[in-house]
Amino acid sequence: MNHINKIEHLGIAVKNIDQANFLYEKLLGVPPYKQESVESEAVITSFFKVGDSKIELLASTEEDGPIGKFIAKKGEGIHHIAFDVDDIKTELKRLEQEGFQLINETPKKGADNKLVAFIHPKSTNGVLIELCQEVPYVETFFDE
Ligand code: ZN
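Notes on the structure follow. Model, not experiment: these values are computed from the prediction.

## Quick notes on the overall build of the chain
Next up, step 1: Looking only at helices and strands, the chain has 4 helices and 8 strands in total.
Next up, step 2: Reading the secondary structure of the chain in the N-to-C direction produces β-α-β-β-β-α-β-α-β-β-β-α.
Next up, step 3: A globule of 144 residues ought to have a C-alpha radius of gyration of about 15 Å, and the chain, at 15 Å, matches this closely.
Next up, step 4: Dimensions of the chain, computed from the C-alpha atoms along their principal axes, are close to 40 × 30 × 30 Å.
Next up, step 5: When each of the 144 residues of the chain is scored for burial, the buried share is 40%.
Next up, step 6: Considering only contacts within the chain whose residues lie at least 6 apart along the sequence, 53% involve residues at least 24 apart.
Next up, step 7: In the form shown here, the chain has an accessible surface area of approximately 8400 Å², with 52% of it arising from carbon and sulfur atoms.

## Brief notes about the sheet that holds strand β3 (residues 43-50)
Next up, step 1: With mixed pairing, 8 strands are arranged side by side in an open sheet as β2-β3-β4-β1-β5-β8-β7-β6. Each end of this open sheet is capped by a strand with a single partner; those strands are β2 (34-38) and β6 (108-109).
Next up, step 2: Relative to strand β5 (residues 77-84), strand β1 (residues 6-14) is paired through 7 bridges, and the arrangement is antiparallel. Within β5, the position partnered with glycine 11 by the bridge is histidine 80.
Next up, step 3: Where helix α1 (residues 17-28) meets the sheet, its contacts fall on β1, β2, β3 and β4 (53-60), and the angle it forms with β3 comes to roughly 5°.

## Details of unusual backbone geometry
Next up, step 1: We note that aspartate 112 has phi near 65°; this positive angle belongs to a residue other than glycine.
Next up, step 2: Tracing the backbone through its elements, the reader meets aspartate 112 in the loop between β6 and β7 (114-119).

## Some words on the nonpolar core
Next up, step 1: Among the nonpolar cores identified, the biggest contains 11 residues, and these are Val85, Ile88, Leu92, Leu95, Leu102, Leu115, Ala117, Ile119, Ile129, Leu131 and Val135.
Next up, step 2: Listing elements by their share of this core, those giving two or more residues are α3 (88-97), β7 and β8 (129-134).
Next up, step 3: When sequence neighbours within four positions are dropped, the list of residues in contact with isoleucine 88 reads Pro107, Leu115, Val116, Ala117, Leu131, Cys132 and Gln133.

## Focus on the pattern of salt bridges
Next up, step 1: Summed over all chains, the structure comprises 9 salt bridges.
Next up, step 2: We note a salt bridge from aspartate 52 to lysine 6, for which the minimum N-O separation is 3.5 Å. Here aspartate 52 is found in the loop between β3 and β4, whereas its partner lysine 6 is found in strand β1, with 46 residues between them in sequence.
Next up, step 3: Between aspartate 112 and lysine 34 there is a salt bridge whose closest N-O contact spans 2.7 Å. Placement of aspartate 112 in the loop between β6 and β7 and of lysine 34 in strand β2 is noted, with a sequence separation of 78 residues between them.
Next up, step 4: Taking the relative accessible area as the measure of exposure, aspartate 112 reaches 6% and is therefore buried.

What counts, and at which threshold
Residues numbered from 1 in each chain as written. Predicted model: local features only at pLDDT ≥ 70, side-chain atom pairs only at ≥ 80, totals over all residues. Heavy atoms only, no water. Helix = DSSP H or I, 4+ residues; strand = E, 2+ residues; numbered from the N terminus. Rg over C-alpha atoms; globule rule 2.2 N^0.38 Å. Buried < 20%, exposed > 50% of the residue type's maximum accessible area, 1.4 Å probe, protein only. Contact = heavy atoms within 4.5 Å. Areas by Shrake-Rupley, 256 points an atom, 1.4 Å probe, with all protein chains shown as cover. Pairing = 2+ DSSP bridges. Axes fitted to C-alpha atoms, helices over the stretch in contact; angles between N-to-C directions. Core = buried A, V, L, I, M, F, W, Y, C linked by side-chain atoms within 4.5 Å. Salt bridge = Lys/Arg side-chain N within 4 Å of Asp/Glu carboxyl O.

Listed below in structure tokens is the structure:
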């Protein structure tokens with residue numbers, strides 16, 4: 001079994017989701033296929049398909065949310081790389097044992113029907129890494 005299947009998406013922090021949607025639609029030639037807010041993260045996200053990968057635009061709904069803080073510190077730009085995995089819990093355990101610093105010990109519900117967990121950029125040469133696992137019924141997963 002592969003540990004990491006592929007780059008699932010690149011996350012890009014933007015100030016204004018409408019402006020960025022317009023720009024990326026022009027760039028990629030397709031409109032976003034989904035826009036979704038993740039309240040726990042104080043973000044609005046929109047997703048574009050690019051071949052087998054995706055671009056995720058993230059805009060903060062609160063100034064002191066994670067994306068708001070990121071933009072205040074570094075400006076707009078690439079925020080994270082997300083890798084697709086088959087079994088996020090096993091991968092988190094493996095990476096922790098390998099010495100990576102986990103931001104999320106257990107996966108949480110992310111956008112786009114995914115379970116997600118982040119690895120701290122301190123332990124990955126300055127790049128925030130997201131692991132994501134597709135789950136068609138996220139609510140069910142957490143009720144178990
Ligand atoms: Zn993401």
